[in-house]
Amino acid sequence: MHTVWKGAISFGLVHVPIKMFTATEDKDVRFRSIHKECGTPISQKRVCAHCDREIENDEIAKGFEYERGKFVLFTEEELDALRPESARTIQILDFVNLTDIDPIYFEKAYYLSPDMSGSGAYGLLLEAIRQTGKIGIAKISIRSKSRLAAIRVVDNCLCLETMHFPDEIRSITHVPNLPEQVSVNDKELEIAKLLIDQLSAGFDPEKYRDDYRNSLLQAIESKMAGEGVDVVAAPATDSTKVIDLMAALQASLDAAKIPTDTGKAGAKRKPAATKEKKPKKTTKGTAS
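Described below are features of the structure shown in this document. (Residues numbered from 1 in each chain as written. Predicted model: local features only at pLDDT ≥ 70, side-chain atom pairs only at ≥ 80, totals over all residues. Heavy atoms only, no water.)

## Regarding the overall build of the protein chain
For step 1, the next point in the chain: Along the backbone of the protein chain there are five helices and eleven strands.
For step 2, the next point in the chain: Put simply, the protein chain has 288 residues, and 16% of those count as buried.
For step 3, the next point in the chain: Long-range pairs, those at least 24 residues apart, make up 59% of the contacts in the protein chain with a sequence separation of at least 6.
For step 4, the next point in the chain: Of the roughly 24700 Å² of accessible surface on the protein chain, 54% is carried by carbon and sulfur atoms. (Helix = DSSP H or I, 4+ residues; strand = E, 2+ residues; numbered from the N terminus. Buried < 20%, exposed > 50% of the residue type's maximum accessible area, 1.4 Å probe, protein only. Contact = heavy atoms within 4.5 Å. Areas by Shrake-Rupley, 256 points an atom, 1.4 Å probe, with all protein chains shown as cover.)

## Some details on helix α3 (residues 186-199)
For step 1, the next point in the chain: Between the first and last C-alpha of α3 there are 20 Å, a value that for 14 residues agrees with the 20 Å anticipated at 1.5 Å per step.
For step 2, the next point in the chain: The buried fraction of α3 is low, at zero of 14 residues.
For step 3, the next point in the chain: Residue Asn185 occupies the N-cap position of α3, its side-chain oxygen lying 2.9 Å from the main-chain nitrogen of Lys187. (Expected span 1.5 Å × (residues − 1). Polar contact = N/O pair within 3.5 Å; in protein donor to acceptor, adjacent residues only side chain to side chain.)

## Quick look at helix α2 (residues 119-132)
For step 1, the next point in the chain: An ideal rise of 1.5 Å per residue puts 20 Å on 14 residues; α2 measures up with 20 Å between its terminal C-alpha atoms.
For step 2, the next point in the chain: Of all the positions in α2, only Tyr122, Leu125, Leu126 and Ile129 are classed as buried. The buried side chains of α2 occupy one side of the element, clustering within an arc of 100 degrees when seen end-on. In α2, the exposed positions angled more than 90 degrees off the buried face are occupied by Gly120, Leu124, Gln131 and Thr132.
For step 3, the next point in the chain: Just beyond α2, the residue with positive phi is Gly133, at close to 75 degrees. (Arc of directions from axis to C-beta.)

## Quick notes on unusual backbone geometry
For step 1, the next point in the chain: Non-glycine residue Asp52 carries a positive phi angle of around 55 degrees.
For step 2, the next point in the chain: Note on Asp52: relative accessible area 64%, which makes it exposed.
For step 3, the next point in the chain: The phi dihedral of Asp155 is positive, around 55 degrees, even though this residue is not glycine.
For step 4, the next point in the chain: Overall, the relative accessible area of 64% leaves Asp155 in the exposed class.

## Details of the pairing of strand β11 (residues 157-163)
Along a regular strand, successive side chains alternate from one face of the sheet to the other.
For step 1, the next point in the chain: β11 sits mainly inside the fold: seven of its seven residues count as buried.
For step 2, the next point in the chain: Across five bridges, the pairing between strand β8 (residues 106-114) and β11 is antiparallel. Residue pairing in the sheet places Ala109 in a bridge with Glu161 of β11.
For step 3, the next point in the chain: Two strands pair when backbone bridges link them, and strand β10 (residues 145-154) and β11 are joined in this way by seven bridges, in the antiparallel orientation. When the sheet's bridge partners are listed, Val153 is paired in β11 with Leu158.
For step 4, the next point in the chain: Joining the antiparallel neighbours β10 and β11 is a turn of two residues, in which Asp155 adopts a positive phi near 55 degrees. (Pairing = 2+ DSSP bridges.)

## Section: the pairing of strand β2 (residues 14-22)
For step 1, the next point in the chain: Judged from the eight bridges that link them, strand β1 (residues 3-11) and β2 form a sheet pairing that is antiparallel. Bridge pairing in β2 links Trp5 to Met20.
For step 2, the next point in the chain: Between β1 and β2, which pair antiparallel one after the other, the connecting turn spans two residues, and Gly12 there sits at a positive phi close to 65 degrees.
For step 3, the next point in the chain: One ladder, built from five bridges, connects β2 with β8; its direction is antiparallel. Each bridged residue has a counterpart across the sheet, and for Met20 the counterpart in β8 is Leu112.

Quick look at the structure:
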């Protein structure tokens, strides 16, 4: 596993050095945009619409849009200065019951492992959380963002789950067409409850599969096996071909039959015919 964060858990006077690893993985089947005519992948470029050119990374700044089309710019150094000093510490603020937290708050899970000589403190925190049945509520900074987090035990591993802050949870008052009062038929309710009882079982995650992803993978394998028109290869690029700019310009001039040496005979322009100048007439008796 790749270490995504390295620091320590702090609760009371206890300091637990840890490494953090992503506990989940995205297995979505991803597609790229391909030019159907030649099979070349379409690249996504960073282009400034105003300057009409591609922009390099060192030309890009972070900007907050406070009004439409108006931004406040920040450099990476300014953003670094705003980050908390405890950016490498997971500070446990409280211990609570897991049942007290609505699942809507949970975001993404990470596994925590002891780092260096921290196995003793790690084991102490793990066993204390396991035996008390509590979970720790902490704050952590990941990828320049401050997050709320829950620390709990999964088998013999501490697991951290990032959480949404309360102001990130949208109010249900914004959901349209919710009934003001729920009114149901008693007999229908009893039947519905009976159906729920019949379908109730222990949670076994191995029972569930991503049917859509499996169908996509099967369709991909089927197309690859058939080697039909839907299987294409991007044309190879000749990286050894060097464009000689002067040769290209000379070829263009030769094609246009334009002489390049202005000193050769016949290349000079004939002087334009000049008209004979007539003497100017002067007027006498004019007063200044």
